[in-house]
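Summary of structural features
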Amino acid sequence: MDLPRLVDVDVPASVREAIGERVSRLSSATRDVLATASVLGTVFDPEDVSIIDAEEDRLEEALDEAVASGLLTVEEDRYAFEHSLTRQALYGGLSPVRRRRLHRVVGERLEQRPTAASRRRSAEIARHLEAGGLPDRAIPFVLLAGDVAAGVYSQAEAVRLYGHATRLAEEVGDEVAVATALERLGQVELMIARYDEAVDHLIAAADGYRRINDRQAMLRVEGLIAEGQHRRGEGEAAAVRLDEVVAELEAGEGTGGQPLGVAALGTGLARVRLSLGQHELCLDATERAARLARKEGSVAVEADADAVRGTALLFLDRPDEAVDVLERAISLAAGVDALAIESGATLALQWSVTMRGELDRARSLGERGLAITRRAGNADAESLHAANLGLTLFYSGDWEQAQSHLERSVELARSGSPTLFSGIPPAYLGVLRAGQGDVAGAVACYDDAATAPDLQTFEFVQLPRGPPRRARSV
């Protein structure tokens, strides 16, 4: 959390002495109020000073004196220490016992705030409860703070918070919280294309859920593991793992019934079938997954199943059917703000309309897909959208813009670990280089594409085999 880093800041002795001299000129009541308020942070709300044990009139007098001295300022109806070093010097002067007690009191009072306020200040509440010696009560608020960060697409902050929640839960021996934190951590890492870390954390989460016999959660996570393995080009490993989980589920069905989460697992299996080139089997799996998702009432999983189905239809050279399925997937995903699913479906739909020769619509979809993936913070998906848009622009004759997007897509693809589709950006850039007459550049791009785990793309049966002629105006 942030608090330990603040405490560890060493206030220079000269600064500490200067602050101490200024504080010493104040009344004892004001000195006590300032020392106690240092627990609240550099900026704090007037209502939060209720932790200070003083009568209301005396508290107001003390705060007014602190403002008059220049040690506190008033900023938009909030109090603030004049400098962070002032707060740190005062905070450092508190005894460990008093510091812990004050943090506990603040955390407990903030914990009682209405739900909206608790959510908004979840990181702050967690910080106080942990510093107040209540790590078990801090964990739910650390998780909530991670959810808030992920909800506004601050993925790096979400990863940090979920990682901290995992460590706290391990320290207090809360197996449920450990598995929950690892699952959410893995989900965010999938979003930002950190597939190795995601798979490791999700496997640990699944093992944790299995130990506490939470079959629904375990199945949900197994679907995510399959997606991560698929994304890093390990389709066979994902298939083996899913087969084992399905066998485990079938063996225990008579005792516990079929738990929720099977639809997500079915979608994961469909994605594995797709990655292995088993397209007809993939269609069967997506039909089953969509049916189970509707039964479970999971719109996001149904949209995901349709997105995979539409992609399989593209590989089977059935673009007209693919368009209908993918448009439905996008509509469902957008309705529940499932950005990753909407991104994938938009990517496949752009391919579909490109195969039908609708290049203007394909360009519009490519631009939309880029906007979605940038919101989600997924560099892997952004690379694919940039590559597809670049190829569409190439076919449209706008080679200058095509080159910009294709070079960016290769840069993004190289920034992460190799995935199932990481050979596509350099392959498409090679198409452009060949069209530009740069044979050596094209060969280098194709060599780069050949190093991908398993380059997969569509046949483009309905488009001309050769590159289009370059427009004179470009």
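Before going further, it helps to examine the overall build of the protein. The number of helices and strands found in the protein is 24 helices and 3 strands. Within the protein, buried positions represent 51% of all 474 residues. Considering only contacts within the protein whose residues lie at least 6 apart along the sequence, 63% involve residues at least 24 apart.

Before going further, it helps to spend a moment on the sheet that holds strand E1 (residues 43-44). Spatial ordering of the open sheet is given by E1-E3-E2, a layout of 3 strands whose pairing is antiparallel. Looking at which strands have only one partner, the edges of the open sheet turn out to be E1 and strand E2 (72-75). Pairing of E1 with strand E3 (residues 78-81) involves 2 bridges; the strand directions are antiparallel. Along E3, the bridge assignment pairs Val43 with Ala80. With respect to the sheet, helix H4 (residues 56-69) is in contact with E2 and E3, its orientation differing from that of E2 by roughly 100 degrees.

Successive side chains on a regular strand alternate, one facing one side of the sheet and the next facing the other. Relative to E3, E2 is paired through 4 bridges, and the arrangement is antiparallel. Note that in E3 the partner of Glu75 across the bridge is Arg78. The hairpin formed by E2 and E3 contains 2 residues between the paired strands, and Glu76 there has a positive phi angle of roughly 50 degrees.

A word on the packing of helix H18 (residues 319-335) against helix H19 (residues 339-355). Closest axis-to-axis distance for the H18/H19 pair is 9 Å, and the angle between their directions is 155 degrees. As the angle between them shows, H18 and H19 are arranged roughly antiparallel. The hand of the H18/H19 crossing is left-handed. The residues of H19 that touch H18, namely those facing Pro319, Ala322, Val323, Leu326, Glu327, Ala329, Ile330, Ala333 and Ala334, are Ile341, Glu342, Ala345, Thr346, Ala348, Leu349, Ser352 and Met355.

This part takes up the pattern of salt bridges. For the structure shown, the criterion picks out 39 salt bridges. Measuring nitrogen to oxygen at the nearest pair gives 2.8 Å for the salt bridge that ties Arg241 to Glu222. Of this pair, Arg241 sits in helix H14 (residues 235-256) while Glu222 sits in helix H13 (residues 215-231), placing them 19 residues apart in sequence. Because the salt bridges share partners, they merge into one network encompassing Asp45, Asp48, Arg78, Arg113, Arg121 and Glu124.

By size, the foremost hydrophobic cluster in this structure holds 84 residues, and its most contacted members are Leu34, Phe44 and Leu72. Examining the composition of this core, we find that 8 residues originate from one element, helix H11 (residues 175-191), more than from any other. Excluding residues that lie within four positions of it along the chain, Leu34 makes contacts with Leu26, Ala66, Leu71, Leu72, Phe81 and Leu90. Counting 46 residues, the second-largest nonpolar core is a separate cluster that includes Leu283, Ala307, Phe315 and Leu370.

This part takes up the packing of aromatic side chains. Summed over all chains, the structure comprises 5 aromatic pairs. Counting every residue linked through ring pairs, the aromatic cluster contains Phe44, Tyr79 and Phe81. Sitting above the plane of the Tyr91 ring, Arg87 keeps its charged end 5.1 Å from the centroid.

This part takes up the packing of H19 against helix H21 (residues 379-396). Viewed as axis vectors pointing N to C, H19 and H21 meet at an angle of 15 degrees, and their least axial separation amounts to 10 Å. Between H19 and H21, the angle falls in the class roughly parallel. Considering only the axes of H19 and H21, their crossing is left-handed. The segment H19 lies against H21, with Ser343, Thr346, Leu347, Gln350, Trp351 and Thr354 engaging Ala381, Leu384, His385, Asn388, Leu389, Leu391 and Thr392.

A word on the environment of Leu182. Tracing the backbone shows Leu182 in helix H11. Residues Leu182 and Ala206, spaced 24 residues apart in sequence, show a C-alpha to C-alpha distance of 9.0 Å. Those residues in contact with Leu182, other than ones at most four positions away along the chain, are Thr166, His201, Leu202, Ala204 and Ala205.

Moving on to the environment of Leu202. Relative to the helices and strands, Leu202 is located in helix H12 (residues 195-211). Classification of Leu202 by relative accessible area gives buried; the value is 0%. Separated by 19 residues in sequence, Leu202 and Val221 place their C-alpha atoms 6.4 Å apart. With residues near it in sequence (within four places) discarded, Leu202 still touches Leu182, Glu183, Gly186, Gln187, Leu190, Val221, Leu224 and Ile225.

Let us look at helix H17 (residues 299-315). The first and last C-alpha atoms of H17 sit 25 Å apart over 17 residues, in line with the 24 Å expected at 1.5 Å per residue. Positive phi appears at Asp317, one or two residues downstream of H17, with a value of about 60 degrees.

Regions with low pLDDT should not have their predicted coordinates read in detail. Summary statistics for the protein give a mean pLDDT of 86 and a share of 89% for residues scoring 70 or more. Predicted confidence for residues 1-8 stays below pLDDT 50, and this span has 19 contacts to residues more than four positions away or in other chains. Contacts from residues 457-474, a stretch scored under 50 in pLDDT, to residues over four places away or in other chains number 33 contacts.

Parameters and conventions
- Residues numbered from 1 in each chain as written.
- Predicted model: local features only at pLDDT ≥ 70, side-chain atom pairs only at ≥ 80, totals over all residues.
- Heavy atoms only, no water.
- Helix = DSSP H or I, 4+ residues; strand = E, 2+ residues; numbered from the N terminus.
- Buried < 20%, exposed > 50% of the residue type's maximum accessible area, 1.4 Å probe, protein only.
- Contact = heavy atoms within 4.5 Å.
- Pairing = 2+ DSSP bridges.
- Axes fitted to C-alpha atoms, helices over the stretch in contact; angles between N-to-C directions.
- Parallel < 35°, antiparallel > 145°, perpendicular 65-115°, else oblique.
- Left-handed = near helix turned anticlockwise from the far one by under 90°.
- Salt bridge = Lys/Arg side-chain N within 4 Å of Asp/Glu carboxyl O.
- Core = buried A, V, L, I, M, F, W, Y, C linked by side-chain atoms within 4.5 Å.
- Phe/Tyr/Trp six-rings, centres within 6.5 Å; stacked < 30°, edge-to-face > 60°.
- Lys NZ or Arg CZ within 6 Å of the ring centre and 35° of its normal.
- Expected span 1.5 Å × (residues − 1).
- pLDDT = per-residue confidence, 0-100.

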